[in-house]
Each structure stands twice: as structure tokens, then as C-alpha cells.
Amino acid sequence: MSKVASPANLDLTNTRAFKTWLYSMWQSIFYVAPHVHVSTISTKTLKSGKGTIKSICVNIKSTGGSVCNVYDALSVTGTPIITLNTDTNYGEITYNLEFNTGLTVDIVGGTAADLLFVFN
């Protein structure tokens, strides 16, 4: 997403420039990145191909040693790029970590946390 131009540099007599600026402002305020909500012990492929995992938000903590493993793969193979203990972490954790093959999450053990994955 590109940066929005400053209104100080905007020619308000140019209707087209003003509409473009206004639309850019609207996009910057209301843009929502792709996201997936998961609240069960499960394995899910969230995206195939390249992308970036922006953040994981732990809305409700898990209990009993639940862990969320995130893989740069289309299945649960190899070494996780993120291992998150959802019993002890809470809130939004920012990663901005690139993946190449795909984005797969595997939530194991205990009672699942309520998680929100933000990526593009």
C-alpha cells in the first residue's frame, strides 16, 4: 500500500486530484489485510504461494500447553518458521515475516487459543 499524499501539497481546485486524494485516504483508513480466525485444535493452510505473515493476535489464551506452529509450506512439514506458546502470549505479536511456498498453521495440545492470523 502506498503512502497517502499530504493535503498541504494538494491543489484543491483540481477536482480529479482531490477525488484521487480522497479515495487514497479512504483506502488507507479502511483497508483490511487478509486474515483468518482459528479457535480449534487443527491444521489449516491459509495461503499458497509467496506472502508475508504480518501478525498473530492471541484474542483468548489457551490452556494445557497448546502451541501454534507456523510453516512455510502447504502442509505440516519441515521446521516451523514460528512457534508460539499460546498459553503465555496474549495480544498482537507482529512478525512481518516472508514465506515462499505457502502459509500453514498447526495448533496442537491442550485447549486451543482464539487466534487471528493477518497476512498478505
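Data block above holds the structure.
Described in the following lines is the structure provided in the data block. What you see is a predicted model, and the numbers here were worked out from it, not measured in a lab.

1. Remarks on the sheet that holds strand S4 (residues 67-71)
At step 1: With respect to topology, four strands assemble into an open sheet ordered S2-S7-S4-S5, the strand pairing being antiparallel. Two strands lie at the open edges of the sheet, namely strand S2 (43-48) and strand S5 (82-85), each paired on one side alone. Neighbour-to-neighbour, the strand axes of the sheet open up by a mean angle of 15°, direction not taken into account.
At step 2: When S4 meets strand S7 (residues 102-108), the two strands line up antiparallel, connected through five bridges.

2. Quick notes on unusual backbone geometry
Glycine aside, residues mostly have negative phi, and peptide bonds are mostly found in the trans state.
At step 1: Non-glycine residue Asn-96 carries a positive phi angle of around 50°.
At step 2: Looking at the secondary structure, you find Asn-96 in strand S6 (residues 91-99).
At step 3: For Asn-96, a relative accessible area of 48% translates into the label partly exposed.

Scoring rules and cut-offs
- Residues numbered from 1 in each chain as written.
- Predicted model: local features only at pLDDT ≥ 70, side-chain atom pairs only at ≥ 80, totals over all residues.
- Heavy atoms only, no water.
- Pairing = 2+ DSSP bridges.
- Helix = DSSP H or I, 4+ residues; strand = E, 2+ residues; numbered from the N terminus.
- Axes fitted to C-alpha atoms, helices over the stretch in contact; angles between N-to-C directions.
- Buried < 20%, exposed > 50% of the residue type's maximum accessible area, 1.4 Å probe, protein only.

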